[in-house]
Amino acid sequence: MKELVEVIASALVDDPSSVVVTETEDDDQIILNLTVAPDDMGKVIGKQGRIAKAIRTVVRAAGSKGDKKIMVDIQ
């Protein structure tokens, strides 16, 4: 999942080298923290959060076969 978020975010931003995804795993969930440059934050979030919601939906669908809940946190 980490690689999927990196690929999607890198395609959206102007500075792909600043995209960093860290993964934290608990008992019942996986949290993916996406960090981008401050100038690219709007491109990742989108108008009214539409792009961020789409990223979360794609990641959730890709991880639906597993038994853990996957969350994407954009910072």
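Residues numbered from 1 in each chain as written. Predicted model: local features only at pLDDT ≥ 70, side-chain atom pairs only at ≥ 80, totals over all residues. Heavy atoms only, no water.

### Side note on the side chain of Asn33
- Secondary-structure assignment places Asn33 in strand E2 (residues 29–35).
- Setting aside anything within four residues of it in sequence, one finds Asn33 in contact with Val20, Val21, Thr22, Thr24, Asp73 and Gln75. (Helix = DSSP H or I, 4+ residues; strand = E, 2+ residues; numbered from the N terminus. Contact = heavy atoms within 4.5 Å.)

### Some points on the sheet that holds E2
- Pairing within the open sheet is mixed, and its three strands lie in the order E1-E2-E3. Each edge of the sheet is formed by a strand with only one pairing partner; in this case those strands are strand E1 (20–25) and strand E3 (69–74). Each strand of the sheet is rotated relative to its neighbour by a mean of 20°, with strand direction disregarded.
- Two strands pair when backbone bridges link them, and E1 and E2 are joined in this way by six bridges, in the antiparallel orientation. (Pairing = 2+ DSSP bridges. Axes fitted to C-alpha atoms, helices over the stretch in contact; angles between N-to-C directions.)

### Here we look at the side chain of Asp40
- Positionally, Asp40 belongs in the loop between E2 and helix H2 (41–45).
- Only 3.3 Å separates the side chain of Asp40 from the backbone nitrogen of Asp15, close enough to count as a polar contact.
- Apart from residues lying up to four places away in sequence, Asp40 is in contact with Val13, Asp14, Asp15 and Ser18. (Polar contact = N/O pair within 3.5 Å; in protein donor to acceptor, adjacent residues only side chain to side chain.)

### Some points on the packing of helix H1 (residues 2–12) against helix H3 (residues 50–62)
- Between H1 and H3, the least distance of the axes is 10 Å, while the angle of their chain directions is 155°. Accordingly, the angle class assigned to the pair H1 and H3 is roughly antiparallel. Here H1 and H3 pass one another in a crossing that is right-handed. Contacts between H1 and H3 pair Leu4, Val5, Ile8 and Leu12 from the former with Ile51, Ile55, Val58, Val59 and Ala62 from the latter.
- Classifying every residue of the contact of H1 with H3 gives nine nonpolar, no polar and no charged. (Parallel < 35°, antiparallel > 145°, perpendicular 65-115°, else oblique. Left-handed = near helix turned anticlockwise from the far one by under 90°. Nonpolar A, V, L, I, M, F, W, Y, C, P; charged D, E, K, R; others polar.)

### Quick word on the nonpolar core
- Membership of the largest hydrophobic core comes to 16 residues, with the highest contact counts inside it found for Val19, Leu32, Leu34, Val44 and Val59.
- Those elements that provide at least two residues to this core are H1, E2, H3 and E3.
- Setting aside anything within four residues of it in sequence, one finds Val19 in contact with Glu6, Ala9, Ser10, Val13, Leu34, Thr35 and Val36. (Core = buried A, V, L, I, M, F, W, Y, C linked by side-chain atoms within 4.5 Å. Buried < 20%, exposed > 50% of the residue type's maximum accessible area, 1.4 Å probe, protein only.)

These figures capture arrangement, not role.
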